[in-house]
Amino acid sequence: MKLTVLGKYGPYPKAGTGAASGYLVTQGETALVMDMGSGTLSRLCNCIDVRKITAIFISHLHYDHTSDLLAFRYLLEDLNHKVTIYTAASDSEWYKILFTHPNFNVVNISPESAVTVGDFKLRFYEMKHTAPCLAIRVEGEKTLVYTGDTLYNENIERACEGADILLADCSKPEGFKGPHMNVSHAKALNEKLGIRIISTHLSPDYSPESEYGDYPGITVAQELETYEF
């Protein structure tokens, strides 16, 4: 299983170099995209022929996780190609704008859903954020959990049972006040669960590498890097 970081910033990209949230998980012929924030589409196209994407998962409807879906629709129209998207149902106007398009096959999911996508089995867990958000557990040759955006909650631990990698929204500085985990949460999860953590959703003006010197099990996500496990 491989994880490629297309973008790691939120709520907007770092000037000149960054992209917002987006990740590509692959194993064999299966390719799963997780979120498509601003700046991720061009990077995705550089990594894979988009016609080989098995499915896309959208954790929640904030713009820094969804905005490149709009441009992606133009590309799909040019290719005359459809793609399946898994996301939670919503009666919001943004949901209607994003997903009522003939080149998107939208499958609504919930924490009770269990889905097989190519070689992956997917399960979903409710997170704690300012918008409804689902974490995803991707079970293949290894098991990866991606939190989307969230405060700390016990469902993270449930999702991580027996998992190998946690890709987590846990990069905010100590004392951060907002709907995201900070570096202390990353350390606590690493100590309690013993799981390897890739820390993501960085603020454009802050990167927590110095916080993790005594925590070899925590890595700060690097854009365009592929992690193999």
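Residues numbered from 1 in each chain as written. Predicted model: local features only at pLDDT ≥ 70, side-chain atom pairs only at ≥ 80, totals over all residues. Heavy atoms only, no water.

Draft legend 1. Spotlight on the sheet that holds strand β1 (residues 2-7). Across the sheet, which stays open at both edges, the 7 strands sit in the order β6-β5-β4-β3-β2-β1-β14 with mixed pairing between neighbours. Edge strands, defined here as strands with exactly one partner in the open sheet, are β6 (104-108) and β14 (226-228). In this sheet, neighbouring strand axes are inclined to one another by 20° on average, regardless of whether the strands run parallel or antiparallel. In this sheet, β14 lies alongside β1 in antiparallel orientation, the contact comprising 3 bridges. Each bridged residue has a counterpart across the sheet, and for Thr4 the counterpart in β14 is Thr226. Strand contacts of helix α1 (residues 40-47): β1, β2 (22-27) and β3 (30-36), with the helix running at about 145° to β1, the strand carrying the most contacts. The sheet strands contacting helix α3 (residues 68-79) are β3, β4 (55-57), β5 (83-87) and β6, and the helix crosses β6 at an angle near 135°. (Pairing = 2+ DSSP bridges. Helix = DSSP H or I, 4+ residues; strand = E, 2+ residues; numbered from the N terminus. Axes fitted to C-alpha atoms, helices over the stretch in contact; angles between N-to-C directions. Contact = heavy atoms within 4.5 Å.)

Draft legend 2. Just the side chain of Asn103, in detail. Mapped onto the secondary structure, Asn103 falls in the loop between α4 (93-99) and β6. Looking at Asn103, the relative accessible area reads 10%, which means it is buried. Asn103 has contacts with Leu76, Glu77, Asn80, His81, Lys82 and Val83, leaving out every residue within four places of it along the chain. (Buried < 20%, exposed > 50% of the residue type's maximum accessible area, 1.4 Å probe, protein only.)

Draft legend 3. Inspection of the pairing of β6 at higher detail. Across 5 bridges, the pairing between β5 and β6 is parallel. Within β6, the position partnered with Tyr86 by the bridge is Val107. As for the winding sense of the linkage, the β-α-β connection from β5 through α4 to β6 is right-handed. (Right-handed = clockwise from strand over helix to strand, strands pointing away.)

Draft legend 4. Structural detail: the pattern of salt bridges. Evaluated as defined, the whole model comprises 7 salt bridges. A salt bridge links Arg51 to Asp49; its shortest N-O distance comes to 3.1 Å. Residue classification places Arg51 among the partly exposed positions, given a relative accessible area of 46%. The exposure class assigned to Asp49 is partly exposed, which follows from its relative accessible area of 32%. Here Arg137 ties to Glu139 by a salt bridge, and the two come within 2.7 Å at their closest N and O atoms. You can call Arg137 buried: its relative accessible area is 10%. The network of salt bridges with common partners includes Arg123, Arg137 and Glu139. (Salt bridge = Lys/Arg side-chain N within 4 Å of Asp/Glu carboxyl O.)

Draft legend 5. Representation of the environment of Thr4 in the model. Structurally, Thr4 can be placed in strand β1. The sequence separation of Thr4 and Cys160 amounts to 156 residues, and the corresponding C-alpha distance is 20 Å. If near-sequence neighbours (up to four positions away) are discounted, Thr4 is found in contact with Gly22, Tyr23, Leu24, Cys47, Glu225 and Thr226.

Draft legend 6. Focus on the layout of surface pockets. By volume, the largest pocket is sized at about 290 Å³. What lines the largest pocket is a set of 18 residues, among which Ala88, Ala89, Ala131, Pro132 and Cys133 lie closest to the centre. The class makeup of the residues in the lining of the largest pocket is 11 nonpolar, 6 polar and 1 charged. (1 Å grid on protein atoms, 1.4 Å probe; cavity = no way out; pocket = protein on both sides within 12 Å on 5 of 7 lines; lining within 4 Å. Points joined across faces, edges and corners; volume = space filled by probe spheres on them. Nonpolar A, V, L, I, M, F, W, Y, C, P; charged D, E, K, R; others polar.)

Draft legend 7. Highlighting the state of the cysteines. With the rule as written, the count across this model stands at 0 disulfides. No disulfide involves Cys45; its sulfur sits 9.2 Å from the nearest other cysteine sulfur, which is in Cys47. Between Cys133, a cysteine without a disulfide, and Cys170, which holds the nearest cysteine sulfur, the sulfur-to-sulfur distance is 14 Å. We classify Cys133 as buried; its relative accessible area is 3%. (Disulfide = S-S within 2.5 Å.)

Draft legend 8. Broad picture of the side chain of Asn182. Structurally, Asn182 is set in the loop between β11 (165-169) and α6 (183-193). Among all residues touching Asn182, those that are not within four sequence positions of it are Cys170, Lys172, Pro173, Glu174, Gly175 and Phe176.

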